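# Examination of the molecular architecture
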Amino acid sequence: MTQTPDTSDQNNQSDQKEATAAIQQLTLEVKKLNSHKFITVQNSMYRLILMQFARGLAFGLGSILGASLLVSILTWWLSQFEFLPIIGDWMAMLASEFERATGNGSNVNQ
């Protein structure tokens, strides 16, 4: 079965119209993507450095606060186990050092 020149010409024209419509849709999507805030920040070296600096500060602060909170909760929890001889004695020594350091400032380095 061979196609006549008329039908192949119509198929080519419809394929070209579909391709043109697809390219126009793709162009609109690329324009929308380029106007996205993430892309605009990435396009400026100054903004990129500033955002990475702020990200580093936030990560560092969060790490310090999270670790401090975790260690303080863990220390408090372990201090509740006074019936265990090794941990209880160690925690009692830590508690007395904390009290001595915070309660009476003149005895800190004795």
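What this report covers is the structure whose coordinates are included nearby. (Residues numbered from 1 in each chain as written. Predicted model: local features only at pLDDT ≥ 70, side-chain atom pairs only at ≥ 80, totals over all residues. Heavy atoms only, no water.)

### Remarks on the overall build of the chain
So the rule is basically this: For the purposes of this entry, the term helix denotes a DSSP run of H or I that reaches at least four residues, the term strand denotes a run of E that reaches at least two, and both are numbered from the N terminus. Exposure is judged per residue with a 1.4 Å probe applied to protein chains only, and the accessible area is read against the type maximum: over 50% gives exposed, under 20% gives buried, and values in between give partly exposed. Only the protein chains shown count as cover for residues, and the accessible areas themselves come from Shrake-Rupley with a 1.4 Å probe.
The number of helices and strands found in the chain is 4 helices and 0 strands. Within the chain, buried positions represent 4% of all 110 residues. Of the roughly 9900 Å² that the chain leaves accessible, carbon and sulfur atoms contribute 66%.

### Digging into a nonpolar patch on the surface
To be explicit about the condition: Patch membership needs two things, relative accessible area over 30% and no salt bridge, and members are linked within 9 Å if like-charged or within 5 Å if nonpolar (Val, Leu, Ile, Met, Phe, Trp, Tyr). Note on definitions: salt bridges are taken to be side-chain nitrogens of Lys or Arg within 4 Å of carboxyl oxygens of Asp or Glu.
A cluster of nonpolar side chains, Leu74, Trp76 and Trp77, forms an exposed patch at the surface whose accessible area comes to about 370 Å². Within the secondary structure, Leu74 sits in helix α3 (residues 45-79).

### A closer look at the pattern of salt bridges
What the rule picks out here adds up to 2 salt bridges. Between Glu29 and Lys32 there is a salt bridge, with the nearest N and O atoms lying 4.0 Å from each other. In this pair, Glu29 and Lys32 both sit in helix α1 (residues 5-34), 3 residues apart, roughly one turn of the helix. A relative accessible area of 54% means that Lys32 is categorised as exposed. Across the pair Glu97 and Arg100 runs a salt bridge whose closest N-O atoms are separated by 2.7 Å.

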